[in-house]
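Geometric and topological summary
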Amino acid sequence: MCTVITHPAVPIALSALLPQDTASSSLLIAAALCSVIPDLDVVGFEFGIKYGDMLGHRGFTHSIFFAALLAGLITFVFFQNHGSPLTIFLFLFLSTLSHPVLDALTNGGLGVGLFAPFSNQRYFFRYQPIEVPPIGVGAFFSPRGITVILSELKWVWLPSAIFFGLGHLFKRLRDMS
Ligand SMILES: [Zn+2]
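Residues numbered from 1 in each chain as written. Predicted model: local features only at pLDDT ≥ 70, side-chain atom pairs only at ≥ 80, totals over all residues.

Turning our attention to the overall build of the chain. Check the secondary structure of the chain and you find 5 helices and 0 strands. Secondary structure elements of the chain occur, N-terminal to C-terminal, as α-α-α-α-α. Computed over its C-alpha atoms, the radius of gyration of the chain comes to 17 Å, within 12% of the 16 Å expected for a compact globule of 177 residues. In the chain, 66% of the contacts between residues at least 6 apart in sequence involve partners at least 24 apart. (Helix = DSSP H or I, 4+ residues; strand = E, 2+ residues; numbered from the N terminus. Rg over C-alpha atoms; globule rule 2.2 N^0.38 Å. Contact = placed C-beta atoms within 7 Å.)

Here's what the structure looks like:
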């Protein structure tokens, strides 16, 4: 994973593309949750599930299939009458999928099981600029933790902020014309 505070940067950035009648704070909160839910798979360690297993860390919950399943479920249960269901589904799907994409850009652990449950192959991007965080809250305040935060600021928050800003700028220019 990236750190839990960094994954929601992507849904925040993507929200700039949402049509006015669809965007809402509840949808944004749902999308932020979608972007961190894949890492709930770490509970598997408690039950003896190994990292490399299909249900292990970065396995099934980091797949395209899981992203579609979670987005479909949340759209169906909570957002049926809140604008275009397809737009909401796509927004939640991309928010969830952004999690394994960011994980595949980190430089530690195993890769992500993008095609689970159909394949247990784990994937990384060839380029992995994001520092993988240490496990445990205390580790955030170590020099290693600071290196991680700086790398996430540079590779996730900065591009997300630019995307968010440009998205809103284009919207405003379109509304003016
Ligand atoms: Zn993860």
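On we go.
Below, the discussion takes up the confidence of the model for the chain. On average, residues of the chain score 92 in pLDDT, and 96% of them reach the 70 mark or higher. Element-level mean pLDDT values for the chain span from 91 in helix α5 (residues 143-176) up to 98 in helix α3 (residues 64-78). (pLDDT = per-residue confidence, 0-100.)

What follows deals with the environment of L55. One can find L55 in the loop between α2 (25-36) and α3. Separated by 62 residues in sequence, L55 and P117 place their C-alpha atoms 8.9 Å apart.

Proteins that are soluble and globular tend to have nonpolar side chains buried together. Counting residues in hydrophobic clusters, the biggest one holds 24 residues, and the most contacted among them are C34, A71, I74 and L92. Sorting the residues of this core by element identifies α1 (9-14), α2, α3 and α4 (85-103) as the ones contributing at least two each. (Core = buried A, V, L, I, M, F, W, Y, C linked by C-beta atoms within 7 Å. Buried ≥ 20, exposed ≤ 12 C-beta atoms within 10 Å, placed from the backbone.)

For the bond running from A116 to P117, omega is 0°, close enough to zero to count as cis. You can see P117 is positioned in the loop between α4 and α5.

Tracing the chain through its elements places H99 in helix α4. When the C-alpha positions of H99 and S35 are compared, they lie 5.5 Å apart, and in sequence the two are 64 residues distant. If near-sequence neighbours (up to four positions away) are discounted, H99 is found in contact with H7, S35, P38 and H62.

Our next topic: α3. In a regular helix each residue adds 1.5 Å, so 15 residues correspond to 21 Å; α3 covers 21 Å between its end C-alpha atoms and thus fits that length. Among all positions of α3, only F66, A67, L70, A71, I74 and T75 are buried. The arc that holds every buried residue of α3, seen down its axis, measures 155°, which confines them to one face. Turned more than 90 degrees off the buried face of α3, the exposed positions are L73, F76 and V77. Each element contacted by the buried residues of α3 is listed here: α2 and α4. (Expected span 1.5 Å × (residues − 1). Arc of directions from axis to C-beta.)

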